[in-house]
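# Structure at a glance
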Amino acid sequence: MNRLLAYRAVLLATLGAVPLGMLPVQAQAPEAAAALAARLALLQAEVRNLEAENAIENLQGIFGFYYDKNEWQQAADIFTEDATFEWGGSGVYVGKPRILAYLRSLGAEGPQEGLLNDQMQLQPIVTVAPDGLSAKARWHLFSQEARHGVEHFWGTGIYENEYRFEAGVWKISKLQLYSSMKTPYEAGWGVTALPRSTPSSDLPPDLPPAMDYANYPAVFVPPLHYPHPVTAAVPAPQPAEPLATDPGSLREALDALEPRVGLLQDADAVERLHTIYGYYLAHNQWDELTGIFTPDGTIEIALRGVYVGRPSVRRNLDLYGVQNELRGTLHNHMQYQPVIHIAADGQRASMRSRAFSLMGNFGGTGRFMGGTYENIFEKREGVWMLHKDQQINTYFALYDVGWKDLEWRPAPGITDSNPPDAPPTLQFEMYPRPFLPPYHYTNPVTGR
Amino acid sequence: MTRIPPQRTTLHLLSLLCAAGLVACGEPAATTPEQDAAAAELAALSTEVALLEARVQQVKDANAIKRLQRAYGYYVEEGLWDEVADLFSDDASLELARDGVYHGKERIRAYFTALGGGQRGLREGQLNEQLQVMPVVTLGTDGQTAKARWRNILLVGQLGEHAEWGEGPFENEYVKEDGVWKIHRMRWQQAILVPYQGGWAANEDYNRGIWVSDTLPPDAPPTDDHGWWPETYLPPFHFRNPVGTYQPESAPAGGVEAAAARPAAGVTP
């Protein structure tokens, strides 16, 4: 801004204090160039921080998917070297090696027979620092945990985490989970409320719990890192450095920024489309749902095989109920925790996300379903469409049974009367058997 | 700012700008083709920057609306009713479940306070988890209004007394006032609120969608009333299919399977 004011002052002095609006066109050029440079620099900072928000949402989602499957090394690798970690009442573990040690104390590395550990990362409020180098975020945790034949639980909590941008990569620098509610599946939260965990005696933390609080039924508000969205403002992004004001440099900066803005809009469009998918699925809107696929798109759910092209996709959806048929039926298929990667050309996107469903009929049975999506989206003639819809189910559990005594069975498989166009591309196992759904991405920090 | 004698600065700057082709040198009226081209390039750049600013603004607006609704959830579940009410515009309306419509920020504040039993914060032993998930944000073309669908997942109850699962969609409207997004219309349909024991297969709706309207009557009756679980209802989507509705060339296949899945009674076309 100082530069801009200097130009303005100098020009006014030169031209005898003529009001700016009356200046000849060519004399306004430097003013316009400086103003443009300032606008572009602010836009660069805004884009940088919006990209940071997306990267942090991806990072926390990736953490959640690793944590689900005891991928401890992978999970620890996305922390900074000096990070801190506190889970409920665990106390604080300081530094990446200690975080890994803590995680390994929870169980053997990798997916385990008889273990369910779905930890859903929901409702992000990400606040990026004005300089774009650090961030904080609040998240909701909603968990389904079970040891087969032993126990099963519902749980909730609030994360207030911190993140740091190091050498071009976002990492978690502080993970703090405030546990809220934990209850055994059989009793539920109206009957039993388990207390906050306590520090381990086998692997004592480096620091005691950072805050003294108790789980539900106690009243406790985990501190909020962000100001009220209406009565206060988040500080605006700050440009890293001023831009050169010659037209060539401005053109170069603009041309570099434009595709990045395009990718931000693409990420929004893909997440929105996938969410719409969930609403159409939940209400048996089969023609609407089929319409969001590419003409050659595929759907592959529950080992039923691959249905190719819109007519086959539409045919596949008949397996899940009658179009528009709702009465006395709950068919709530929710889409959570998207990890979205848009290809650099903005024409293709890969997404891992979580499925969690409440299903059943009044007077019949209730069911829960958990699973993982690995989907591909494509932009066709400028419009994002769903190109590959693949769901890898984790469990189908009867409401009255839950997960503790859930008997193993294979996913539903092929329906002879409405067969697929091709067999399943991926054979998977459901809980209580262990299975790691393949990731479309590598570890964002190590590349492994 | 360092003080430099104005004349020297002016001369120095003008010579630089002159060399860069950004200002006319010598006769003010005379322009060269290079100068015209530079001015045209700046004008083009200015237009393109404005277009890009508008696109970035859309991303910022969508994020701000998500932040607003998620903040609503975090305040509601802690019983921070003043913080909740302050998320609404002065002329906002609120309609949750079958409680009817409450007009204006102060009536909305009264509604939430009544929901909390007249106190700030939760009661000892109260659980009020309300997860705000699945946003579909649609911005108005005016840049000052927006709509969004969300799903609210409820884990609520009072230890030793009762516990319920709940869920249902919001179809909300938002307005930007002095650059700040606020909730302008909040409408939530209670698809289910059912006791934990037995869940939605064994229980009808726990409160029939009536939370506080029996003690704090609304300003207007429900805008649409579709009963309570096991009655089901598809709240209209505010958005159009972003790709297009599938148009089968002939009657869709799979009719046999579909017919087999059809319940014996209670079918609505």
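A few points on the structure.

Criteria and cut-off values
- All residue numbers refer to positions counted from 1 along the written sequence of the respective chain.
- Here chains are named by letter from A upward and ligands by number from 1 upward, in the order in which they appear as written.
- Only residues with pLDDT of at least 70 are given local features in this predicted model, and only at 80 or more are side-chain atom pairs given and counted; all residues enter the totals for whole chains, interfaces and linings.
- The side-chain quantities take in all heavy atoms of the structure and omit both hydrogens and water.
- Here, strands pair whenever DSSP counts at least two bridges between them.
- By the criteria applied, helices consist of DSSP H or I runs no shorter than four residues and strands consist of E runs no shorter than two, each listed in order from the N terminus.
- Between two residues, a contact is recorded if the distance between any of their heavy atoms is within 4.5 Å.
- In this analysis, axes come from line fits to C-alpha atoms, helices being fitted only over the stretch in contact, and the angle between any two N-to-C directions falls in the range 0 to 180 degrees.
- As used here, the term nonpolar core means buried Ala, Val, Leu, Ile, Met, Phe, Trp, Tyr and Cys residues forming a set that is joined through side-chain atoms within 4.5 Å.
- We call a residue buried when its accessible area falls under 20% of the maximum for its residue type, exposed when it is over 50%, and partly exposed in between, using a 1.4 Å probe and counting protein chains only.
- What fixes the domain bounds is an automatic or database domain assignment.
- The term buried area means the drop in 1.4 Å probe accessible area that two parts suffer when joined, counted for both and summed.
- Counted as salt bridges are all cases of a side-chain nitrogen of Lys or Arg within 4 Å of a carboxyl oxygen of Asp or Glu.
- N or O atoms closer than or at 3.5 Å make up a polar contact, with two conditions inside protein: a donor-capable atom paired with an acceptor-capable one, and, for residues adjacent in sequence, both atoms drawn from side chains.

### Comments concerning the pairing of strand S1 (residues 79-87) of chain A
Residue and element names in this part refer to chain A. Looking at chain direction, S1 and strand S6 (residues 169-184) are connected through five bridges and run parallel. The residue of S6 that forms the bridge with Glu86 is Gln176. As paired elements, S1 and strand S2 (residues 93-94) share two bridges and run antiparallel to each other. Within the sheet, the bridge partner assigned to Thr84 lies in S2 and is Val94. Connecting the antiparallel pair S1 and S2 is a turn made up of five residues, with Gly88 showing a positive phi of about 60°.

### Concerning the side chain of A:Glu71
Within the element layout of this structure, A:Glu71 appears in the loop between helix H2 (25-68) and helix H3 (72-76). Look past the residues within four positions of A:Glu71 in its chain and what remains in contact with it is A:Tyr66, A:Glu109, A:Leu436 and A:Tyr439.

### Regarding the sheet that holds S6(A)
All names here are of chain A. The strand order across the open sheet formed by six strands is S2-S1-S6-S5-S4-S3, and the pairing between neighbours is mixed. If you trace the sheet from one side to the other, it starts and ends with S2 and strand S3 (115-128), each paired once. Against the sheet, helix H4 (residues 96-104) touches S1 and S2, its axis set at about 40° to S1.

### A word on the sheet that holds strand S11 (residues 366-380) of chain A
All names here are of chain A. Within the open sheet, the six strands sit side by side as S8-S7-S12-S11-S10-S9. Their pairing is mixed. Each edge of the open sheet is held by one strand with a lone partner, namely strand S8 (307-308) and strand S9 (329-342). Pairing between strand S10 (residues 348-361) and S11: 13 bridges, direction antiparallel. Note that in S11 the partner of Phe356 across the bridge is Gly370.

### Remarks on the nonpolar core
Counting residues in each nonpolar core, the largest one holds 76 residues, and the members touching the most others are A:Trp154, A:Trp189, A:Phe356, A:Phe368, B:Trp165 and B:Trp200. Viewed by domain, this core spans two of them, domain 2 (57-240) and domain 3 (262-448) of chain A, each represented by three or more residues. Sequence-distant contacts of A:Phe356, defined by excluding residues within four places in its chain, comprise A:Met120, A:Phe142, A:Gln144, A:Trp154, A:Asn332, A:His333, A:Met334, A:Tyr336, A:Phe368, A:Met369 and A:Tyr395. One finds B:Ala71, B:Trp81, B:Leu94 and B:Trp188 within the second-largest nonpolar core, a separate group that totals 40 residues.

### So, the interface of chain A and chain B
Taken together, the contact between chain A and chain B spans 120 residues of the former and 114 residues of the latter. Carbon and sulfur atoms make up 65% of the surface buried where chain A meets chain B, a total of about 10,100 Å² over both sides. Counting every contact that joins chain A to chain B gives six salt bridges. A salt bridge links A:Arg39 to B:Glu53; the nearest nitrogen and oxygen atoms lie 2.9 Å apart. Applying the counting criterion to the chain A and chain B interface returns 42 residue pairs in polar contact (both at pLDDT 80 or more). Considering every element that reaches the side of chain A that touches chain B, the biggest residue donor is helix H5 (residues 247-282) of chain A, with 20 residues.

### Section: unusual backbone geometry
Residue and element names in this part refer to chain A. Here Tyr216 and Pro217 are connected by a cis peptide whose omega angle stands at 25°. Of note, the phi angle at Ala167 is positive, near 50°, even though the residue is not glycine. Note on placement: Ala167 falls in the loop between strand S5 (151-166) and S6. Owing to a relative accessible area of 84%, Ala167 belongs among the exposed residues under this scheme.

### Things to note about the pairing of strand S12 (residues 383-398) of chain A
All names here are of chain A. Taken across its 16 residues, S12 has 13 buried, putting it largely inside the fold. In this sheet, S12 lies alongside strand S7 (residues 293-301) in parallel orientation, the contact comprising five bridges. When the bridges of S12 are listed, Ile301 appears paired with Gln391. Linking S11 back to S12 in an antiparallel pair, the connection comprises two residues, with Glu381 at a positive phi of about 50°.

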